[in-house]
Amino acid sequence: MSRLNELGKMLIGLGLILVILGGVVLVIGRVPRLGALPGDILIRRKGFTLYIPITTGLLLSLLISLITWFFRR
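Residues numbered from 1 in each chain as written. Predicted model: local features only at pLDDT ≥ 70, side-chain atom pairs only at ≥ 80, totals over all residues. Heavy atoms only, no water.

Q: Would you explain the overall build of the protein chain in this entry?
A: When helices and strands are tallied, the protein chain shows two helices and two strands. Going residue by residue from the N terminus, the α and β elements of the protein chain occur as α-β-β-α. Relative to the compact-globule value of 11 Å for 73 residues, the protein chain shows a C-alpha radius of gyration of 18 Å, a clear excess of over 25%. Taking the principal axes of the C-alpha coordinates as reference, the protein chain spans close to 60 × 35 × 20 Å. Within the protein chain, the fraction of its 73 residues that count as buried is 4%. (Helix = DSSP H or I, 4+ residues; strand = E, 2+ residues; numbered from the N terminus. Rg over C-alpha atoms; globule rule 2.2 N^0.38 Å. Buried < 20%, exposed > 50% of the residue type's maximum accessible area, 1.4 Å probe, protein only.)

Below is the structure:
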């Protein structure tokens, strides 16, 4: 029974993480200019689009690092 309890707790934890992640994705989608910052590369050709979000990735990485640093203290 102990293993089933541990599995249940783990599944609930993973579910909560997915819900939080989904909420973050919804909020980020509403932030203006996120994904179109200077430094993000967008190449459009006939039948082809290449998007490399360098600046957006760096900004999100910094934000996530600050949040994890704050919770570890």
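Q: Where do I start with helix H1 (residues 2-29) in this structure?
A: Because each turn of an α-helix spans 3.6 residues, side chains separated by three or four positions end up pointing in the same direction. Over its 28 residues, H1 extends 41 Å from the first C-alpha to the last, a length consistent with the 40 Å expected when each residue adds 1.5 Å. Burial runs low along H1: only zero of the 28 residues are buried. (Expected span 1.5 Å × (residues − 1).)

Q: Explain the packing of aromatic side chains to me, please; I cannot follow it from the model alone.
A: Aromatic rings in a pair are described by how distant their centres are and how their planes are angled relative to each other. Counted according to the given criterion, the structure contains one aromatic pair. Plain terms: the ring middles of Phe70 and Phe71 are 5.7 Å apart, the flat faces sit at 70 degrees to each other, and that makes the pair edge-to-face. There is no split in this pair, since Phe70 and Phe71 are both exposed. (Phe/Tyr/Trp six-rings, centres within 6.5 Å; stacked < 30°, edge-to-face > 60°.)

Q: When you look at the pairing of strand E2 (residues 48-52) in this model, what are you seeing that I'm missing?
A: Note on strand geometry: in a regular strand, side chains alternate between the two faces of the sheet. As defined by bridge partners, strand E1 (residues 41-45) adjoins E2 across five bridges and the pair is classed as antiparallel. Bridge pairing in E2 links Ile41 to Ile52. What sits between the antiparallel neighbours E1 and E2 is a turn of two residues, in which Gly47 has the positive phi angle 75 degrees. (Pairing = 2+ DSSP bridges.)

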